[in-house]
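An overview of the molecular structure
The primary structure of each chain is shown beneath.
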Amino acid sequence: MPYTNGTNKMTELTEQELYQQELRKIVRHRAWGTTTFTDNILYFPNAIDVRLCPKNGMSSLKVALMRVLGREGDKFDLLQVGTKRDRIEEIGKFGDRDILPFRKGAYRVAVVRDPVERFLSACEYIKSGNHEGEDPRKTSDVCELPDSLDEVIDGVWSGEIYNTHFFRQVDFMGNRAQYNRIFPMSKFGNVLAFLGARAGVDLSMIHKNETAPVHYGPKSALTENQLHGIMRIYREDYNYGWTEEA
């Protein structure tokens, strides 16, 4: 049962309302919403494949692709470039079936982030309601989060809170050895400089989206138990080197 923040909200909904909620979720996931490891890639010109991971500069990388392709001025293109549907179409046309979702011979790029910082950013994003008002087709699996960070940590660990923003980086990007270059999120400008230089386009004005620590506080304010709880969720990221220190 979905997380209800300690209330009986779910029992107050009718069976038809619950059905409609789940149906909308399925439609969003299939068409526009949830990013998975099979479609999380952007094909840049000059055979550069950039692997995507939620909360690792994903939105800014999509903006970078729009600018590189010279498609920022068209509102329709802005709604299409980099969406799940667009990515799936591109993979179907150009992906190498033996190494999907990559293209054959492409230079493979990824952005890595400190797992704890990424978790807190995901919490703030979901809690802030930045997704409210978006086209339902673009909204992914957002959900209500409790006010207590301890409850969020416990909910994600137990599976009561399910959201792809909390998935591990290794789930999205696999083995580090398959990449030609991995950029740390703390120096996000470097990946934009690299992509811009390869495409001959100035991307210096694009900035990574910052999510202020309004609801749960910064990493420095975590208790020892909270820090260990978050690190436990991302044990495999640490084991497989998906940290900025690797």
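This section reports on the structure supplied with the text. What you see is a predicted model, and the numbers here were worked out from it, not measured in a lab.

Let us now look at the overall build of the protein chain. Helix and strand content of the protein chain: 11 helices and 4 strands. Each of the 246 residues in the protein chain was classed as buried or not, and the buried ones make up 44%. Once local pairs closer than 6 in sequence are excluded, the contacts in the protein chain between residues at least 24 apart make up 75%. Split by element, the accessible area of the protein chain, about 13100 Å² in all, is 49% carbon and sulfur.

For A212, the location among the structural elements is in the loop between helix 9 (188-199) and helix 10 (224-233). Take A212: its relative accessible area is 46%, and that puts it in the partly exposed class. Sequence separation between A212 and E124 is 88 residues; the distance between their C-alpha atoms is 7.3 Å.

Another point: the sheet that holds strand 1 (residues 41-44). The strand order across the open sheet formed by 4 strands is 1-2-3-4, and the pairing between neighbours is mixed. Looking at strand neighbours, the two that pair on one side only are strand 1 and strand 4 (181-184), the edges of this open sheet. For this sheet, the mean angle separating the axes of adjacent strands, direction not counted, is 25 degrees. Pairing analysis gives 4 bridges linking strand 1 to strand 2 (residues 48-51), with the strands arranged antiparallel. Note that in strand 2 the partner of I41 across the bridge is R51. Sheet strands touched by helix 3 (residues 58-69): strand 1, strand 2 and strand 3 (107-112). Its angle to strand 1, the strand with the most contacts, is close to 25 degrees.

Let's shift gears to the nonpolar core. Of all hydrophobic cores here, the largest spans 23 residues; its most connected members are F44, L61, V191 and L195. With 6 residues, helix 3 is the largest single contributor of residues to this core. Contacts of L61, omitting those with residues within four sequence positions, involve L42, F44, V50, L52, N56, V111, F188, V191 and L195. Judged by nonpolar contacts, the second largest core, of 19 residues, contains A122, L145, F166 and Y234.

About the thresholds
- Residues numbered from 1 in each chain as written.
- Predicted model: local features only at pLDDT ≥ 70, side-chain atom pairs only at ≥ 80, totals over all residues.
- Heavy atoms only, no water.
- Helix = DSSP H or I, 4+ residues; strand = E, 2+ residues; numbered from the N terminus.
- Buried < 20%, exposed > 50% of the residue type's maximum accessible area, 1.4 Å probe, protein only.
- Contact = heavy atoms within 4.5 Å.
- Areas by Shrake-Rupley, 256 points an atom, 1.4 Å probe, with all protein chains shown as cover.
- Pairing = 2+ DSSP bridges.
- Axes fitted to C-alpha atoms, helices over the stretch in contact; angles between N-to-C directions.
- Core = buried A, V, L, I, M, F, W, Y, C linked by side-chain atoms within 4.5 Å.

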